[in-house]
Amino acid sequence: MTYVVTETCIKCKYTDCVDVCPVDCFREGPNMLVIDPDECIDCTLCVAECPVEAIFAEDDVPDNQRQFLEINAELAKVWKPIIEKIDGPPDADEWAKIKEKAHLLEK
């Protein structure tokens, strides 16, 4: 099993999760992070660190977020690894309150 970053991360892109990942499986895109399913060791550390609760075990991804299994796998192949915490966007807290953002994903 792997962990998956879902829609809630879009335009928030908090990187608290990156700091605790022992295998550097996070990849950074223009406006969200994804997890490389081939690198993830299922340690669960990132789940508790995500301030917007955007990370789920693949078996627990909500039905309306299942497309993010494929999105994480696809984008992890092309986005670069992120291994250190960086500041989130200045408007991240505002975006954290918005639920439907999949259409805003920048690849």
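So, how was this worked out
Per chain, residues are indexed from 1 in the order of the written sequence. The predicted origin of the model limits local features to residues at a pLDDT of at least 70 and limits the giving and counting of side-chain atom pairs to 80 or more, whereas totals for whole chains, interfaces and linings rest on all residues. With hydrogens and water set aside, each side-chain value is computed from the structure's full complement of heavy atoms. Here a helix means four or more residues in a row that DSSP labels H or I, a strand means two or more in a row labelled E, and each is numbered from the N terminus. Radius of gyration: C-alpha atoms only; globule rule: 2.2 Å multiplied by the number of residues to the exponent 0.38. For every residue, the accessible area (1.4 Å probe, protein chains only) is compared with the maximum for its type, and the residue is labelled buried under 20%, exposed over 50%, or partly exposed between those bounds. A 1.4 Å probe and the Shrake-Rupley method give the accessible areas. Residues count as covered only by the protein chains that appear here. Here the positive residues are Lys and Arg and the negative ones are Asp and Glu; neither His nor the chain ends is included. To locate a charge, take NZ of a lysine, CZ of an arginine, CG of an aspartate or CD of a glutamate. The set of buried Ala, Val, Leu, Ile, Met, Phe, Trp, Tyr and Cys residues whose side-chain atoms join them within 4.5 Å is what this entry labels a nonpolar core. Working rule for contacts: check all heavy atoms of both residues, and any pair within 4.5 Å makes them a contact. In this description, strands pair whenever DSSP reports at least two bridges between them. Helix axes are fitted to C-alpha atoms over the stretch in contact, other axes to C-alpha atoms as well, and angles between N-to-C directions run from 0 to 180 degrees. Under this definition, polar contacts are N or O atom pairs within 3.5 Å; protein pairs additionally need one hydrogen-donor-capable and one acceptor-capable atom, and for neighbouring residues in sequence, both atoms have to be side-chain atoms. Any carboxyl oxygen of Asp or Glu that lies within 4 Å of a side-chain nitrogen of Lys or Arg is treated as forming a salt bridge with it. Relevant arc is that of directions from the helix axis to the C-beta atoms, nothing else.

Engineer: Could you clarify how one ought to interpret the overall build of the protein chain in this entry?
Structural biologist: Along the backbone of the protein chain there are four helices and five strands. Going residue by residue from the N terminus, the α and β elements of the protein chain occur as β-α-β-β-α-β-α-β-α. Taking 107 residues into account, the globule formula puts the C-alpha radius of gyration at 13 Å, and the protein chain, at 12 Å, falls close to it. Projected onto the principal axes, the alpha-carbon positions of the protein chain cover approximately 30 × 30 × 25 Å. A burial count over the protein chain gives 44% of its 107 residues as buried. In the structure as shown, the protein chain presents an accessible area of about 6,000 Å², 48% of it carried by carbon and sulfur atoms. With 11 positive and 24 negative side-chain charges, the protein chain shows a separation of 5 Å between the mean positions of the two kinds.

Engineer: What am I meant to see in the nonpolar core here?
Structural biologist: In summary, soluble globular proteins display a tendency toward joint burial of nonpolar side chains. Membership of the largest hydrophobic core comes to 33 residues, with the highest contact counts inside it found for Phe 26, Met 32, Ile 35 and Ile 55. At four residues, the largest contribution of residues to this core is made by helix H3 (residues 67–76). Met 32 has contacts with Val 5, Thr 6, Cys 9, Ile 10, Lys 13, Arg 27, Phe 68, Trp 79 and Leu 105, leaving out every residue within four places of it along the chain.

Engineer: Would you explain the sheet that holds strand E5 (residues 80–81) in this entry?
Structural biologist: Sheet strands line up and pair through hydrogen bonds in the backbone, either parallel or antiparallel. As summarised here, the arrangement of the three strands in space is E3-E2-E5, forming an open sheet in which the pairing is antiparallel. In this open sheet, the two strands that pair with only one neighbour each are strand E3 (33–35) and E5. Contacting strand E2 (26–28) and E3, H3 crosses the sheet at an angle of about 95 degrees to E3.

Engineer: Explanation requested: the side chain of Asp 16 in the structure shown.
Structural biologist: Its place among the elements puts Asp 16 in helix H1 (residues 16–20). A distance of 3.4 Å separates polar atoms of two side chains, one belonging to Asp 16 and the other to Lys 85. In contact with Asp 16, other than residues within four places in its own chain, are Glu 49, Pro 51 and Lys 85.

Engineer: I would appreciate a short explanation of the pattern of salt bridges in the present structure.
Structural biologist: In a structure, side chains of opposite charge can pair up when their charged atoms sit close to one another. Taken as a whole and judged by the stated rule, the model has four salt bridges. We note a salt bridge from Glu 28 to Lys 13, for which the minimum N-O separation is 2.9 Å. Of the two residues, Glu 28 sits in strand E2 while Lys 13 sits in the loop between strand E1 (3–5) and H1, which places them 15 residues apart along the sequence. The residue Glu 74 makes a salt bridge to Lys 107 at a minimum N-O spacing of 3.8 Å.

Engineer: It is not clear to me how H3 should be interpreted in this structure. Could you clarify?
Structural biologist: In an α-helix, one turn spans 3.6 residues; hence positions three or four apart end up facing the same way. Taken residue by residue, H3 has Phe 68, Ile 71, Asn 72, Leu 75 and Ala 76 as its buried positions. Around the axis of H3, the buried residues are gathered within 115 degrees of arc, so they sit on the same side.

Engineer: Can you walk me through the environment of Asp 87 in this structure?
Structural biologist: Relative to the helices and strands, Asp 87 resides in the loop between E5 and helix H4 (92–95). The spatial distance from the C-alpha of Asp 87 to the C-alpha of Thr 15 is 7.4 Å, given a sequence separation of 72 residues.

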